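Take a look at the letters that make up each chain.
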Amino acid sequence: TTKEEMSVPKKATSVIVAAPLLHNAARQTTTATNARSNADFAVLMVKRSAKARFMANAHVFPGGIMEVSDEDKQWEPMLHINHSTAYPDLASRIAGIREVFEETNLLLSTPTLLSSSSSSSSSSASSASSSSPHNEPSSGAVTVTEPVIAALNEARARVQKEPSHFLTMFQQLQQHPLLKDTGIVPAATALRPWSRWITPAQERWRYDTLFYVAPLAHPPSSLLISHQESETSRFDWFTPQEALERFAAGDIVLPPPTWLIMNELAMFGRLSDLVAECEPVTTTTTNSNTNTNSNSHKVAVFISIFICISLSFVCSTNSFCISLKILFAFTSIVTTT
């Protein structure tokens, strides 16, 4: 990679998967500070591998770079949309859904695919041992059994090596004997734009990343999910406040953009309120055309984010922690003016 190529940010997508918490699940997993009681939802995070070239060991939202196949025109008729008018960012949405699937095995689809072994699916246990999926029209979900899970695992392994297979995978799922009546498609239109971040120019690896919120109707325990060993070492479900407290305690590492977004998410106690807040995507830069709505403070906060990353680039880890405290103070000033 040449210096000129590195100076141009690669297009990427990151997805904030938010799932509702059951009351009993929240009580069973509370920390000493009762962090989970502050919100009725949790967000999915993956811990990047220690060998990762970018943000090693950090907890991040699942996502990655856009591939050429994410721009394939065949996605439009499958989704019955015209991306140039309704969803000009369709390729970014597809990229996000593909990356979530690659990294966590969670397929953001319509309908949602649920695990037949989860406790939340106990009411449909009779279908778990049958040869057909259990449909839940009211919730837009399908409880799948081993034949479908096996097909997904096989497809995931191939998509990880060949991203273009993601389109073929959906075409095959639509013809699968146990899914052909579901009309399964990527949940691209369900993603809600949140923000846009561009890596500072002095960084070696630069990305122009769109962040989306993917609100789910089912709790984490009911979902088909597992981490990708080559890129991530684990996955976790945290309420925003819990993630921030674990970061403050030194238990997890949050990159500056992730830390800031978590602070934004922590402002919402209910998933429905978070979804209502989602709005047209804005760019976190000093561009004068940046949207000046309720998230307008991001422009000013980006200046402090830039300082934080700069300090971390030339200073020690302790200096980076100090710079994050400066960021927090600056964020408080901006959001109260």
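1. A closer look at the overall build of the protein
So, step 1. Counting its regular elements, the protein contains twelve helices and 13 strands.
So, step 2. Put simply, the protein has 337 residues, and 50% of those count as buried.
So, step 3. As displayed, the protein has an accessible area near 16000 Å², and 54% of this comes from carbon and sulfur atoms.

2. Observations concerning the pattern of salt bridges
So, step 1. Applying the stated criterion across every chain, the model contains ten salt bridges.
So, step 2. Here K73 ties to E76 by a salt bridge, and the two come within 3.9 Å at their closest N and O atoms.
So, step 3. We note a salt bridge from R158 to E162, for which the minimum N-O separation is 3.4 Å.
So, step 4. For R158, a relative accessible area of 42% gives the class partly exposed.
So, step 5. Taken together, the shared-partner salt bridges in this structure form one network comprising D70, R98, E99 and E102.

3. Describing helix α4 (residues 90-104)
So, step 1. The end-to-end C-alpha separation of α4 is 21 Å, in line with the 21 Å expected for 15 residues at 1.5 Å each.
So, step 2. The buried count for α4 comes to 15 of 15 residues, which makes it a mostly enclosed element.
So, step 3. Just downstream of α4 lies N105, where phi reads positive at about 70°.

4. Some thoughts on the packing of aromatic side chains
So, step 1. The final tally for this structure, using the stated rule, is six aromatic pairs.
So, step 2. Measuring from centroid to centroid gives 6.4 Å for F61 and F211, while their planes differ by 85°, and the two rings are edge-to-face. In this pair, F61 is assigned in the loop between β3 (59-60) and β4 (63-65) and F211 in strand β11 (residues 207-215), connecting sequence segments 150 residues apart.
So, step 3. When its relative accessible area of 4% is taken as the criterion, F61 is described as buried.

5. Re the nonpolar core
Nonpolar side chains tend toward joint burial in soluble globular proteins.
So, step 1. Counting 47 residues, the largest nonpolar core has V17, L107, L108, L113 and F166 as its most contacted members.
So, step 2. Those residues within four positions of L107 in sequence are excluded, and the remaining contacts are F101, L113, L152, F166, M169, F170, L173 and I184.
So, step 3. Of all hydrophobic cores here, the second largest spans 27 residues; its members include W197, A243, F247 and L254.

6. Topic: the packing of α4 against helix α6 (residues 146-161)
How two helices sit against one another is set out by the angle between their axes and by the gap between those axes.
So, step 1. In the contact formed by α4 and α6, the axes pass within 9 Å of each other and the chain directions differ by 110°. Relative to α6, the element α4 lies roughly perpendicular. Two packed elements cross with a definite hand, and for α4 against α6 that hand is left-handed. Across from R98, F101, E102, E103 and T104 in α4, the residues of α6 making contact are L152, A155, R156, V159 and Q160.

7. A closer look at the pairing of strand β1 (residues 10-20)
So, step 1. Of all eleven residues making up β1, eight are buried, and the element is well covered by its neighbours.
So, step 2. Two strands pair when backbone bridges link them, and β1 and β11 are joined in this way by nine bridges, in the parallel orientation. What sits directly across from K10, in β11, is Y207.
So, step 3. In the sheet, β1 pairs with β4 via three bridges, with the strands oriented antiparallel. Bridge pairing in β4 places T13 opposite G64.
So, step 4. Pairing geometry for β1 and strand β2 (residues 41-48), over three bridges, is antiparallel. Bridge pairing in β2 links P20 to F41.

8. Section: unusual backbone geometry
So, step 1. Cis geometry marks the peptide bond from T110 to P111, where omega comes out at 5°.
So, step 2. Mapped onto the fold, P111 is located in the loop between β5 (109-110) and β6 (112-115).
So, step 3. Backbone geometry at N105 places phi at a positive 70°, although glycine is not the residue there.
So, step 4. Along the chain, N105 turns up in the loop between α4 and β5.

9. Side note on the environment of G64
So, step 1. Turning to its location among the elements, G64 is positioned in strand β4.
So, step 2. Residue classification places G64 among the buried positions, given a relative accessible area of 17%.
So, step 3. Non-local contacts of G64, meaning those with residues more than four positions away in its chain, are made with A12, T13 and E99.

10. As for the environment of F235
So, step 1. Looking at the secondary structure, you find F235 in strand β12 (residues 232-238).
So, step 2. Overall, F235 belongs to the partly exposed group, its relative accessible area being 25%.

11. A short note on helix α8 (residues 240-248)
So, step 1. Along α8, the residues classified as buried are P240, E242, A243, L244 and F247.
So, step 2. Two residues or fewer past α8, G250 is found with a positive phi of approximately 85°.

12. A few points about the side chain of S69
So, step 1. Along the chain, the position of S69 falls in the loop between β4 and α3 (75-79).
So, step 2. Its relative accessible area of 17% is what places S69 among the buried residues.
So, step 3. If near-sequence neighbours (up to four positions away) are discounted, S69 is found in contact with W75, P163 and S164.

Cut-off values and rules
Residues numbered from 1 in each chain as written. Predicted model: local features only at pLDDT ≥ 70, side-chain atom pairs only at ≥ 80, totals over all residues. Heavy atoms only, no water. Helix = DSSP H or I, 4+ residues; strand = E, 2+ residues; numbered from the N terminus. Buried < 20%, exposed > 50% of the residue type's maximum accessible area, 1.4 Å probe, protein only. Areas by Shrake-Rupley, 256 points an atom, 1.4 Å probe, with all protein chains shown as cover. Salt bridge = Lys/Arg side-chain N within 4 Å of Asp/Glu carboxyl O. Expected span 1.5 Å × (residues − 1). Phe/Tyr/Trp six-rings, centres within 6.5 Å; stacked < 30°, edge-to-face > 60°. Core = buried A, V, L, I, M, F, W, Y, C linked by side-chain atoms within 4.5 Å. Contact = heavy atoms within 4.5 Å. Axes fitted to C-alpha atoms, helices over the stretch in contact; angles between N-to-C directions. Parallel < 35°, antiparallel > 145°, perpendicular 65-115°, else oblique. Left-handed = near helix turned anticlockwise from the far one by under 90°. Pairing = 2+ DSSP bridges.

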